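Read off the chains here:
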Amino acid sequence: MTKKFRTFAQVPPKGWNSWDSYGASVRENEVKRNADYLSQHLKQFGWEYVTVDIQWYEPTADSSQYHNFTPLLMDAYSRLIPDPKRFPSAANGQGFKPLGDYIHNLGLKFGIHIMRGIPRQAVHNATPIKGTTKTARDIAENNICPWNADMYGVNVDMPEGQGYYNSLMDLYASWGVDFIKCDDIANSVIYNGTLKKEVVALRKAIDQTGRAMVLSLSPGPAPIENGAFLQRNANMWRITDDFWDEWSLLLNMFDRAEKWSPISRPGNWPDCDMLPLGHIGIRSVDGPGGDRQTRFTRSEQKTMMSLWSLMQSPLIMGGELPDLDAWTTSLLTNQDLLEMDDHLTEKYQTSRDERKITWYAASSDHTYHAVFNISDQPLTLTGKELDALEIPLAGHDIWQNKDLALTDEQSIEIAAHDVYLLKV
């Protein structure tokens with residue numbers, strides 16, 4: 001029996017997230033202008049989620065660096081609420097409903113980032129849990145996040161612990177949230193992997209709302225041995241730590257993609273993390289740092305988009321959308337690539353040596369064949385060599401957007417860190 005939540009994400013989710021550009025500090029006008037752009041220019045290609053990342057409840061957030069123990073905004077039931085200075089439409093207790101309505105009126109879906117657990121200040125102040133006689137102090141567990149001081153864990157063995165998560169998801173459903181990115185849960189570096197009890201509690205809490213909310217788990221790398229558990233409880237889960245515009249991280253993703261590609265299926269998508277493309281780092285100081293255009297070369301950008309799509313990762317754009325140039329737009333609107341990401345029925349790595357990696361994938365209509373040049377020099381392959389790699393000599397070159405038919409003697413050249421991607 002297919003679990004109902006798997007119907008929420010029949011194809012890998014595609015959209016925009018505020019982290020790569022704004023870190024913890026995004027403001028309502030910035031979310032709206034990116035949503036406007038997505039609706040006008042990318043929605044027709046399947047891009048539909050707009051997600052506000054971490055610390056939307058923190059008045060002092062100003063970059064991707066966290067301010068430990070700073071006061072957060074919270075309602076009477078221990079639930080964090082948006083800061084109305086940063087999100088003016090949230091004033092007077094309206095929460096994210098007005099922003100959610102704005103995004104829905106653009107024909108898009110609305111997402112928020114949350115941290116696992118219950119606010120530390122709720123625990124210290126012993127604030128109530130809605131619908132129970134217990135307080136935050138009664139249900140808290142001292143399993144904390146090593147990189148963000150805002151939360152304690154929740155004892156979900158207690159009915160009131162589950163009740164807290166239920167009240168959270170009820171609140172988010174009332175705001176019209178369609179996508180929950182829960183952090184500090186897919187992989188804990190201090191509590192031995194996936195925090196399974198709280199994942200299950202989140203699943204139950206979302207299910208009891210009756211609202212279709214995609215559940216995305218962070219950070220990674222999620223342990224591969226938990227693949228079946230993650231399939232039973234989440235729509236997406238990170239297979240990597242934060243991914244930035246550095247070749248070493250992209251090269252490393254081939255190892256992760258090879259392991260995880262058999263685990264993905266409609267409703268369950270191992271997640272390679274956001275696409276650090278275009279204008280990023282506006283107020284996020286993570287990764288290479290600095291307000292910048294992506295440091296990936298054009299070849300590396302094609303390799304990233306090809307690998308993410310071949311393994312059917314969600315595609316979540318991190319760059320500032322209104323600043324997109326024609327090149328970056330072409331990456332995000334390549335219909336052959338997006339069709340591949342949506343419709344594959346099998347995919348796997350077929351060979352690897354020190355210079356190149358090959359992949360095979362298939363949908364009901366096409367096969368796809370990729371040669372990635374992972375070396376620092378151009379790679380020349382004759383038709384005969386392609387044939388030995390079981391790469392067809394005729395097909396449609398997805399990145400050059402033209403049909404090819406090679407002889408054994410003819411050759412192709414793949415630039416350093418670039419990819420040859422053929423649809424047959």
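Preceding block: the structure.
Source: prediction; values computed, not measured.

Draft legend 1. Looking closely at the environment of Ser309. Looking at the element boundaries, Ser309 is found in helix 10 (residues 298–310). Note on Ser309: relative accessible area 0%, which makes it buried. Measuring from C-alpha to C-alpha, the distance between Ser309 and His343 comes to 10.0 Å, with 34 residues separating the pair along the chain. Ignoring any residue separated from it by four or fewer positions in sequence, one finds Ser309 in contact with Leu315, Leu337, Met340, Asp341 and Leu344. Within the structure, Ser309 has its side chain in polar contact with the backbone oxygen of Met305 (distance 2.9 Å).

Draft legend 2. Layout of the environment of Phe96. Residue placement: Phe96 occurs in the loop between strand 2 (49–52) and helix 3 (97–105). Residue classification places Phe96 among the buried positions, given a relative accessible area of 1%. Linking Phe96 and Pro84, residues 12 residues apart in sequence, is a C-alpha distance of 9.8 Å. In this structure Phe96 touches Val52, Trp56, Pro82, Phe87, Phe110, Ile112 and Trp175, once residues within four positions along its chain are discounted.

Draft legend 3. Spatial organisation of the pattern of salt bridges. Counted under the stated rule, the structure contains 22 salt bridges. One salt bridge connects Arg292 with Asp245, and the closest N-O pair in it is separated by 2.8 Å. Of this pair, Arg292 sits in strand 12 (residues 292–293) while Asp245 sits in the loop between strand 9 (236–238) and helix 9 (247–260); the two residues are 47 residues apart in sequence, bridging distant segments of the chain. A single burial state applies to Arg292 and to Asp245, both of which are buried. Taken together, the shared-partner salt bridges connect Lys14, Asp341 and Asp342 into one network.

Draft legend 4. Looking closely at helix 7 (residues 196–209). For helix 7, with 14 residues, the first-to-last C-alpha span of 20 Å sits near the 20 Å given by 1.5 Å per residue. On its buried side, helix 7 packs onto strand 3 (109–115), strand 6 (151–154), helix 6 (159–175), strand 7 (179–183), strand 8 (214–217) and helix 8 (227–233).

Draft legend 5. Structural detail: the packing of aromatic side chains. Taken as a whole and assessed by the stated rule, the structure comprises 16 aromatic pairs. Pairwise contacts between aromatic rings join Trp56, Tyr57, Phe87, Phe96, Phe110, Tyr172 and Trp175 into one cluster.

Draft legend 6. Looking closely at the sheet that holds strand 3. Taken in spatial order, the 8 strands line up as 10-9-8-7-3-2-1-13 in an open sheet, and their pairing is parallel. Taken across any chain shown, the strands that pair with only one partner, and hence form the sheet edges, are strand 10 (269–271) and strand 13 (315–317). Going across the sheet, the axis of each strand differs from the next one's by a mean of 25 degrees, ignoring polarity. Alignment of strand 2 against strand 3, held across 4 bridges, turns out to be parallel. Across the sheet, residue Thr51 finds its bridge partner in strand 3, namely Gly111. Where helix 7 meets the sheet, its contacts fall on strand 3, strand 7 and strand 8, and the angle it forms with strand 8 comes to roughly 165 degrees.

Basis of the calculations
- Residues numbered from 1 in each chain as written.
- Predicted model: local features only at pLDDT ≥ 70, side-chain atom pairs only at ≥ 80, totals over all residues.
- Heavy atoms only, no water.
- Helix = DSSP H or I, 4+ residues; strand = E, 2+ residues; numbered from the N terminus.
- Buried < 20%, exposed > 50% of the residue type's maximum accessible area, 1.4 Å probe, protein only.
- Contact = heavy atoms within 4.5 Å.
- Polar contact = N/O pair within 3.5 Å; in protein donor to acceptor, adjacent residues only side chain to side chain.
- Salt bridge = Lys/Arg side-chain N within 4 Å of Asp/Glu carboxyl O.
- Expected span 1.5 Å × (residues − 1).
- Phe/Tyr/Trp six-rings, centres within 6.5 Å; stacked < 30°, edge-to-face > 60°.
- Pairing = 2+ DSSP bridges.
- Axes fitted to C-alpha atoms, helices over the stretch in contact; angles between N-to-C directions.

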